[in-house]
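# Residue-level structural notes
Okay, here's what each chain looks like letter by letter:
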Amino acid sequence: MTDLAAGDRRALGILYERLSERVFRTAYRFLLDEDDARDVTQSVFVALLESASRYRPEAQLGTWLYRIVTNRCLNHRSEARRRLRGTRGEHRRIAELPAPDEQGPDQVLERAEERERVRAAMLRLPARQRIALVLRFFERRSYAEIAGILDCSRSSVESLLFRARRSLATFLGE
Amino acid sequence: MRCFQARKRISAQLDGELDPRRQASLEGHLQRCPRCKAVAESLRKSEQALARLEPPPPLPPDLRDRLIEDLDRARRARRDARRRAVLLRAACVAACILAGFAAGVLLPRPGGFSGDASGRPGALPEAAYVAEAFDATAFGFAEAWD
């Protein structure tokens, strides 16, 4: 990060190799859309370059990175576009299903419908609850780390995750 | 432990974030309270549902190239903005100099000449000082010649 702050573009390349998968994966888990995740990933690395001079070495790079990713995800205004693209997206997902002879066609469709149901339930969650759930369940961040990323107390994280899970259970009819 | 405390901690239990004392306390409450036990079960099922979400696709291979294009475009935009700012400043300075010169030449002298023959300027604009000094010199030269 120090090299990046000094304007060394190779440092950005190294950071990209190390971090791009993680950034893209986190963005995708939150936005549940490949194009949006790609846009956010790009903007995260631009932000990394622009804010490199403000990075303090004593801060954990992981926490700092996740904070940038989180802020970009929360700011990303894609809900309207997703509603417009909804039909096209479903067609694309159905096209990606395994061929019916690998599994029974009924099972394939059932699994696809179930995924879509869970996906829709996730998208209904308030943004902060959703990002807390992504950071905990998929990225395996501790409560203390999530508190640092979201700039809130540990108790708030506990509360966010409880509400997220409870809302998800309600939406899924569990 | 009260129900509202227990329910909040159920989520922390799923995440392995409860210390042993609270863990034991929660387990004791769940054994006694069927409603909280049902809540725990529903939260567990919703957690399992997350595992059924579609995994992320692979990182797009063209993302790195697009990022480099983005950065280059941003750098060019910053450089152009800096150049525009320099040109604007230079134009402002030039305009001020021109305005000052024009004011000195075109504006009438306020209340006439207030200096004396030696050329002391008084309250006159700069261009007038030069003209007056020339007049005074010419006058002195004419006197000396006479």
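Residues numbered from 1 in each chain as written. Chains lettered and ligands numbered in written order. Predicted model: local features only at pLDDT ≥ 70, side-chain atom pairs only at ≥ 80, totals over all residues. Heavy atoms only, no water.

## Some words on the environment of Leu168 of chain A
With respect to the element layout, Leu168 of chain A can be found in helix H9 (residues 154–172). A residue is classified by how much of its surface remains accessible, and Leu168 of chain A, at 0% relative accessible area, is buried. Contact partners of Leu168 of chain A, with chain neighbours within four places excluded, come to Ala121, Met122, Leu125 and Leu133 of chain A together with Ser46 and Leu50 of chain B. (Helix = DSSP H or I, 4+ residues; strand = E, 2+ residues; numbered from the N terminus. Buried < 20%, exposed > 50% of the residue type's maximum accessible area, 1.4 Å probe, protein only. Contact = heavy atoms within 4.5 Å.)

## A closer look at the side chain of Thr41 of chain A
Counting through the fold element by element, Thr41 of chain A comes out in helix H3 (residues 34–51). Accessibility expressed as a relative area gives 1% for Thr41 of chain A, which makes it buried. When residues no more than four places from it in sequence are discounted, the contact partners of Thr41 of chain A are Ser20, Val23, Phe24 and Ala27 of chain A together with Leu63 of chain B.

## Observations concerning the packing of aromatic side chains
Residue and element names in this part refer to chain A. For the structure on display, the rule yields two aromatic pairs over all chains. Relative to Phe45, the ring of Tyr16 has its centre 5.1 Å away and its plane inclined at 55°; by these criteria the two rings are tilted. Of this pair, Tyr16 sits in helix H2 (residues 9–31) while Phe45 sits in helix H3; the two residues are 29 residues apart in sequence, bridging distant segments of the chain. Accessibility classification places Tyr16 together with Phe45 in one group, the buried group. Seen in terms of ring centroids, Phe137 and Phe138 are 4.9 Å apart; in terms of plane orientation they differ by 90°. Their pairing is edge-to-face. (Phe/Tyr/Trp six-rings, centres within 6.5 Å; stacked < 30°, edge-to-face > 60°.)

## Details of the packing of helix H7 (residues 127–138) of chain A against helix H8 (residues 143–150) of chain A
When two helices pack together, you describe them by how their axes are tilted relative to each other and by the distance separating the axes. All names here are of chain A. Two numbers describe how H7 lies on H8: the axes approach to 10 Å, and their chain directions differ by 140°. With respect to H8, the element H7 is oriented oblique. Crossing hand, H7 versus H8: right-handed. Contact residues: Arg128, Ile131, Ala132, Leu135 and Arg136 in H7; Tyr143, Ile146, Ile149 and Leu150 in H8. Tallied by class, residues from the contact of H7 with H8 come to seven nonpolar, no polar and two charged. (Axes fitted to C-alpha atoms, helices over the stretch in contact; angles between N-to-C directions. Parallel < 35°, antiparallel > 145°, perpendicular 65-115°, else oblique. Left-handed = near helix turned anticlockwise from the far one by under 90°. Nonpolar A, V, L, I, M, F, W, Y, C, P; charged D, E, K, R; others polar.)

## Looking at the interface of chain A and chain B
Facing the 46 residues of chain A at the interface are 36 residues of chain B. Summing the contributions of chain A and of chain B, the shared interface buries around 3,900 Å²; its carbon and sulfur component is 61%. Put simply, Arg165 of chain A and Asp15 of chain B hold a salt bridge, and the shortest N to O gap is 2.6 Å. Applying the counting criterion to the chain A and chain B interface returns 15 residue pairs in polar contact (both at pLDDT 80 or more). Where the side of chain A that touches chain B is concerned, the elements lending two or more residues are H2, H3, helix H6 (105–124), H7 and H9 of chain A. (Buried area = accessible area lost by both parts, 1.4 Å probe. Salt bridge = Lys/Arg side-chain N within 4 Å of Asp/Glu carboxyl O. Polar contact = N/O pair within 3.5 Å; in protein donor to acceptor, adjacent residues only side chain to side chain.)

Function cannot be read off these values alone, since they describe shape.
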